[in-house]
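Reading the structure
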Amino acid sequence: MRPSSGELLIVIPLREGSLEITVLDPSADWIESRIRGLCASLGDIDRRAQQVLRGEFNIGWVELDSAHHGIVDYWAAGVNSEYAIDISWTGDAWEETPAAPLT
């Protein structure tokens, strides 16, 4: 728990560094299933993102703001640049949220 905000912070150790996942509602009953789904889906999300980002960005953090929506935030190595990807829960996996059509 982050004392200042009340958010749940989950830190997953990785081979190089760690992945921080923030859940805005720490009392939610969906946390475990969505974190498991995120761990299973994140490789596919990252592979698709790296095609756009050309390998110049790494995942900085993930925020799950509800049972059905989250953000994967990418940071560029060595510069102050970031790129956020909206993700949605499909019922059994997380996927990138399609961009809204321009009007």
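Predicted model, so just to flag it, every value in this text is computed and none were measured. In every chain, residue numbers begin from 1 and rise along the written sequence. With the structure being a predicted model, the display of local features is reserved for residues of pLDDT at least 70 and the display and counting of side-chain atom pairs for 80 or more, all residues being used for whole-chain, interface and lining totals. Just so you know, side-chain values use all the structure's heavy atoms and leave hydrogens and water out.

**Some remarks on the pairing of strand E2 (residues 18-23)**
Strands were regarded as paired on the criterion that DSSP finds at least two bridges between them. A run of H or I in DSSP counts as a helix once it spans at least four residues, and a run of E counts as a strand once it spans at least two, with each numbered from the N terminus. Examined bridge by bridge, strand E1 (residues 8-13) and E2 share six bridges and lie antiparallel to one another. Of the residues in E2, the one forming a bridge with isoleucine 12 is leucine 19. Between E1 and E2, which follow one another and run antiparallel, lie four residues, and glycine 17 among them has a positive phi close to 85 degrees. As judged from the three bridges shared by E2 and strand E3 (residues 57-64), these two strands associate in the parallel manner. Paired with valine 23 across the two strands is leucine 64, which belongs to E3. The β-α-β motif built from E2, the intervening helix H1 (residues 31-53) and the parallel element E3 has left-handed crossover chirality. With strands facing away from the observer, any crossover in which the path from the first strand over the helix to the second runs clockwise is taken as right-handed.

**Notes on the environment of threonine 90**
One can find threonine 90 in the loop between strand E5 (82-89) and strand E6 (94-96). Buried residues are those whose accessible area, probed at 1.4 Å on protein chains only, stays under 20% of the maximum for their type, while exposed residues exceed 50% and partly exposed ones sit between those limits. A residue is classified by how much of its surface remains accessible, and threonine 90, at 44% relative accessible area, is partly exposed. Polar contacts involving the side chain of threonine 90 include one to the side chain of aspartate 92, which spans 3.3 Å. Any pair of N or O atoms that falls within 3.5 Å is considered a polar contact. Within protein, one atom must be able to donate a hydrogen and the other to accept it, and sequence-neighbouring residues count only if both atoms are side-chain atoms.

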